[in-house]
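One letter stands for each residue in the lines below.
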Amino acid sequence: MSDTIEHLSASGIKSFRECEKQFWYKYVSDVEPPDEGEIEHFSIGNTIHDSLENVLQQPDVLELSETELLERLRDEERSLDYNYEDSEKVQTCLEFAAKYISGYVTNIVSVEDRFEMNVNGIDFVGYADLIADVDDRGEELSDVIIDWKTGKENDEWKERIQGGMYVKMFHEIHGRWPDSIQFIYLNEGTRSVHNRINDGDVMWNDHQNKYWEEIEGDISNISNSAFNDEWEAKPESSRCHFCSFKYACSDYIGSEDCEPHHLEIEPSL
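No experiment lies behind these values; they were computed from the predicted model shown.

On to the layout of surface pockets. Of the volumes computed, that of the largest pocket is approximately 2,100 Å³. Lining of the largest pocket is provided by 47 residues; of these, S11, K26, H41, F42 and N154 occupy positions nearest its centre. Among the elements that make up the lining of the largest pocket, the one with the highest residue count is helix α3 (residues 40–56) (7 residues). Of the residues that constitute the lining of the largest pocket, the class distribution is 13 nonpolar, 16 polar and 18 charged. Counted as a void, the second largest pocket has a volume near 170 Å³. Lining the second largest pocket we find D3, T4, I5, E6, H7, F23, Y27 and V28.

Printed below as a string of structure tokens:
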């Protein structure tokens, strides 16, 4: 029985590229993942995102020094009701957020902007954490889409999926192109920059959108899999370990299938 794909997100496309069967479980099937309670990294991510969202909507935020901004972020974080253990990570993320905002952001366009568009009958939805004008080492960039990340740095292909989709949706809504999309890895203290013009090569404009062209290939592959009801499993131990549907999947590679790898202690000769 074939399925029809009516909704897609950047997370969904990334999931499909990693493992088609994982995509099927998460976005097509009726299988529910087990209730694992409140997961630590989700709590930390929500704490950081909510703290930034609330503070960045305050009218005087860009008038604050880095120290004052950090203190306000900390005050906001303390007022939120999230449970987590890694307070050191939360503080590291807030410190780098304050450093980035104070050092780069010159004007706030919008905070937590919801993007929506429909392409060929498929609804796309995304959320931009921050859209701002940025002074990037003397280069003035307008309508920069900024995405806060609290985990490890992503592979470039994952950034291109999210970036390409957000750039496309921004243009569909506002009729202009963002100069850049930047992924800010708060716990790592790094940022990944994807500019509209990179070393003289235009990534997106009215004539082409190289990132979106890659995504169109993914959309076609997803639609074909749904039509044929064929979802290829791509089992790999670390990927399977973090999959919420691992115990429902017959292709799961997990610890149950592993042979003991400890060596016995040999008697001395």
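If you walk through the whole model with that rule in mind, you get 13 aromatic pairs. Judged by centre distance (6.3 Å) and plane angle (85 degrees), the rings of F16 and W231 are edge-to-face. One end of the pair, F16, is in helix α1 (residues 10–18); the other, W231, is in the loop between α7 (210–228) and α8 (237–241), with 215 residues separating them in the sequence. For the pair F16 and W231, a shared accessibility class is recorded, and that class is buried. Here Y100 and Y104 contribute two aromatic rings whose centre-to-centre distance is 5.0 Å and whose plane-to-plane angle is 20 degrees, an arrangement assigned as stacked. Of this pair, Y100 and Y104 both sit in helix α5 (residues 87–104), 4 residues apart, roughly one helical turn. Classification of Y100 by relative accessible area gives buried; the value is 1%. Aromatic rings pair up to connect F16, F23, Y27 and W231 into one cluster.

Counting across every chain of the model gives 2 cavities of 30 Å³ or more. Its boundaries defined by the atoms lining it, the largest cavity holds a volume of some 130 Å³. C19, Q22, C240, C243 and C249 are, among the 15 residues lining the largest cavity, the residues nearest its centre. Contributing elements (two or more residues each) for the lining of the largest cavity: α2 (20–28) and α8. Per-element tally for the lining of the largest cavity: the top contributor is α2, with 3 residues. Looking at side-chain class alone, the lining of the largest cavity contains 9 nonpolar, 1 polar and 5 charged residues.

A few words on the packing of α1 against α7. Across the interface, α1 lies against α7 with an axial gap of 10 Å and an inter-helix angle of 70 degrees. Judged by the angle between their axes, α1 and α7 are roughly perpendicular. Of the two elements, α1 crosses α7, and the hand of that crossing is left-handed. Of the residues in α7, those in contact with I13, F16 and R17 of α1 are E214, I215, D218, I219, N221, I222 and S225. Within the contact of α1 with α7, the residues separate by chemical class into 5 nonpolar, 2 polar and 3 charged.

What counts, and at which threshold
Residues numbered from 1 in each chain as written. Predicted model: local features only at pLDDT ≥ 70, side-chain atom pairs only at ≥ 80, totals over all residues. Heavy atoms only, no water. 1 Å grid on protein atoms, 1.4 Å probe; cavity = no way out; pocket = protein on both sides within 12 Å on 5 of 7 lines; lining within 4 Å. Points joined across faces, edges and corners; volume = space filled by probe spheres on them. Helix = DSSP H or I, 4+ residues; strand = E, 2+ residues; numbered from the N terminus. Nonpolar A, V, L, I, M, F, W, Y, C, P; charged D, E, K, R; others polar. Phe/Tyr/Trp six-rings, centres within 6.5 Å; stacked < 30°, edge-to-face > 60°. Buried < 20%, exposed > 50% of the residue type's maximum accessible area, 1.4 Å probe, protein only. Axes fitted to C-alpha atoms, helices over the stretch in contact; angles between N-to-C directions. Parallel < 35°, antiparallel > 145°, perpendicular 65-115°, else oblique. Left-handed = near helix turned anticlockwise from the far one by under 90°. Contact = heavy atoms within 4.5 Å.

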